[in-house]
Amino acid sequence: MRVESETRWLPKRGNKLSEYEDAFYPKETPHDRDGSWRFAVSDGASESMLSGPWAEILVKSFCRSLVPVTKASAKAIIGRATMAYEAWLKGYLRRREREGRPVQWYEEPGLNVGAFATLLGLSLVAGAPGNGLRWEAVCVGDSCLFQVREDRLITSFAVKRSSDFSVRPVLISSKPAKNQVAFSKLKYTSGTCLSGDRFYLMTDAIAAWFLREHERGEAPWSALEASDFEDLVSRLRREGLMRNDDVTVTSIRVL
Amino acid sequence: MPYIAEISRGNPSCFLFLIDQSGSMRDPFGADPSKRKADGVADAINRLLQNLAIKCAKAEGVRDYYYVGVLGYGHRSGPAFGGALAGRELVPISEVAANPARVDERVRKVEDGAGGLVDQTVKFPIWFDPVANGGTPMCQALTRAHSIVQGFIAQHPDCFPPIVINITDGEATDGNPTAAAQALQSLATTDGNVLLFNLHLSSHKASPIEFPDSDENLPDNYAKLLFSMSSKLPEYMRGIAEEEGFKTTENTRGFVFNGDLVSVIRFLDIGTRPANLR
């Protein structure tokens, strides 16, 4: 089996590209690693400091791990990501000092509480019955995984209804001491997929639109596939059908 | 449904603080009699500005989600910022953050992650020192606020409605402020009416009361008057207030007696806020 993927993303309207605080990995269709593939998206919280770099570290940590996906291995990956972030932060703070831009008083509280982000990770592994793939996913926060087969939505993870989105989700912190609640909310699911199946990994703003459309009996995956992404997102924002937020969609096709 | 406009750099909102600097603010502060009410005012405005700047801070600087003004009223009335901001009515929050009069350092105990406590030095910016002099021309301050907010709305007609926060002991000396307060609250953007919240710092030693929905338990007529002048919390703010542990009803007003109004800053929605941030 082959797996193709493409990620489309846009920052919040009014923000610069450099202010985009979602993250995704891999950046291009990945090579399979002995019949397995990994994908992840993360949504850095807009009201926390350096959440973009933290989101980037989380998606890379998940995708580079070779350990089978379980709740326990996801916690271990997050634990290692917090260490990687600490090392990155030290370098960042040194660079700020060197460039004559030391941390200001208004940044200190945000740095003290740490960065926050979601994590949604998907692993596809060869070897399911009928020449299919087995898939496993973990999630903290409100990023979403959708599986579509023959024009039907067959999986919606971890948010099932559009009304379940909140502006205050529990997220993963770069400070390990703050992750007890996040770990208690860590969700795992698994399934199988067949040739022709599609997966979508999305951050919350577009996922909420996707679920609302599906609840209305529509097939939002068709609109996603058929439209120019920037045009679609602009229209949805303009018509008030999607919250103005960073938007990320990773589309995966199993062939 | 009003009060849903996005607060962004392209469509900023406005905070205008009115601070009572009259002679009566020399009297002891009921919540802490070792302090004067003027100390309570200075502490409240400094903490409000500090928290607003922190809320708008990102790693590359403070984003101008708000324009901020501070009007003092007492012996002298008018724009109260000093230094580089002196004389200006409304200032982008990034400039407020960059120009405190000084930054003090305070030591506080924080958890060390291993069950103990360690001292941590925290920077505390000061824009305002206590002032107590002259009468209490609150009506005049509210009228001046009306003109400033009207000007802002003319430039930002679709913004999240400006919020005016009046910090006072309530003892106006230029008449009953009700009409001026109502005129201010009648101003509106396409997203809703201007919100007027009152922080009452009194010499009365009654327990603090935060965001009440009736004036039943308020200790004196000054508190009752300020309560009646305060806007009801919009539905979305009530939602966040409930998540913060406040009990609210549809009559809950933006009024605090001898307590902490800084929580209002947390009621503002400028993006995703982790539930486990604190």
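Everything here concerns the structure above.
This one's a predicted model, so the numbers in the text were calculated from it and none came from an experiment. (Residues numbered from 1 in each chain as written. Chains lettered and ligands numbered in written order. Predicted model: local features only at pLDDT ≥ 70, side-chain atom pairs only at ≥ 80, totals over all residues. Heavy atoms only, no water.)

A. Main features of the interface of chain A and chain B. Listed as interface residues are 33 residues of chain A and, on the opposing side, 32 residues of chain B. In terms of surface lost to chain B, no three residues of chain A exceed Glu47, Trp105 and Arg168 of chain A, which account for 34% of the buried area on that side. Applying the counting criterion to the chain A and chain B interface returns five salt bridges. In this structure, arginine 9 of chain B engages glutamate 19 of chain A in a salt bridge whose closest nitrogen and oxygen atoms are separated by 2.7 Å. There are ten residue pairs in polar contact (both at pLDDT 80 or more) connecting chain A and chain B. (Contact = heavy atoms within 4.5 Å. Buried area = accessible area lost by both parts, 1.4 Å probe. Salt bridge = Lys/Arg side-chain N within 4 Å of Asp/Glu carboxyl O. Polar contact = N/O pair within 3.5 Å; in protein donor to acceptor, adjacent residues only side chain to side chain.)

B. Expanded view of the packing of aromatic side chains. All names here are of chain A. Applying the stated criterion to the full structure yields 18 aromatic pairs over all chains. Note on tryptophan 88 and tyrosine 92: the rings are 5.2 Å apart at their centroids and 15 degrees apart in plane angle, and the pair reads as stacked. Linking tryptophan 88 with tyrosine 92, this pair stays in helix α2 (residues 71-98), spanning four residues, or about one helical turn. Residue classification places tryptophan 88 among the partly exposed residues on the basis of a relative accessible area of 28%. Measuring from centroid to centroid gives 5.8 Å for tryptophan 135 and phenylalanine 199, while their planes differ by 75 degrees, and the two rings are edge-to-face. Placement of tryptophan 135 in strand β6 (residues 132-140) and of phenylalanine 199 in strand β11 (residues 198-202) is noted, with a sequence separation of 64 residues between them. Of the two residues examined, tryptophan 135 and phenylalanine 199, each falls in the buried class. For lysine 27, the ring lying beneath its charged end belongs to phenylalanine 24, and the centroid distance is 4.3 Å. (Phe/Tyr/Trp six-rings, centres within 6.5 Å; stacked < 30°, edge-to-face > 60°. Helix = DSSP H or I, 4+ residues; strand = E, 2+ residues; numbered from the N terminus. Buried < 20%, exposed > 50% of the residue type's maximum accessible area, 1.4 Å probe, protein only. Lys NZ or Arg CZ within 6 Å of the ring centre and 35° of its normal.)

C. Looking closely at the nonpolar core. All names here are of chain B. In this structure, Phe15, Val68, Phe81, Ile165 and Ile167 are the most contacted members of the largest nonpolar core, which totals 87 residues. For this core, the element with the highest residue contribution is helix α1 (residues 37-55), accounting for eight residues. When near neighbours in sequence (up to four residues on either side) are disregarded, isoleucine 167 contacts Leu18, Ile19, Asp20, Val41, Ala44, Ile45, Leu48, Tyr73, Leu199 and Leu201. Leu18, Ile148, Val194 and Ile209 belong to the second largest nonpolar core, which has 26 residues in total. (Core = buried A, V, L, I, M, F, W, Y, C linked by side-chain atoms within 4.5 Å.)

D. Highlighting helix α7 (residues 229-238) of chain A. Residues and elements named next belong to chain A. Among the residues making up α7, those that are buried are Phe229, Leu232, Val233, Leu236 and Arg237. Projection of α7 onto a plane perpendicular to its axis shows the buried side chains occupying an angular sector of 125 degrees, all on one side. Seen from the buried face of α7, the exposed residues on the opposite side, beyond 90 degrees, are Asp231 and Arg238. At its buried positions, α7 is contacted by β1 (3-10), α5 (204-215), α6 (220-226) and β12 (247-254). Residue aspartate 228 occupies the N-cap position of α7, its side-chain oxygen lying 3.2 Å from the main-chain nitrogen of glutamate 230. (Arc of directions from axis to C-beta.)

E. Geometry of unusual backbone geometry. Residues tyrosine 25 of chain A and proline 26 of chain A are joined by a peptide bond in cis, for which omega reads 0 degrees. If you trace the backbone, proline 26 of chain A turns up in the loop between β2 (22-25) and β3 (36-43). Between phenylalanine 157 of chain A and alanine 158 of chain A the backbone carries a cis peptide bond, its omega angle lying at 0 degrees. Residue position: alanine 158 of chain A is located in the loop between β8 (152-157) and β9 (172-173). Non-glycine residue phenylalanine 211 of chain B carries a positive phi angle of around 50 degrees. Along the chain, phenylalanine 211 of chain B falls in the loop between β15 (209-210) and α5 (221-229). Residue phenylalanine 211 of chain B is classed as buried on the basis of its relative accessible area, which comes to 3%.

Just geometry here; none of it tells us what the structure is for.
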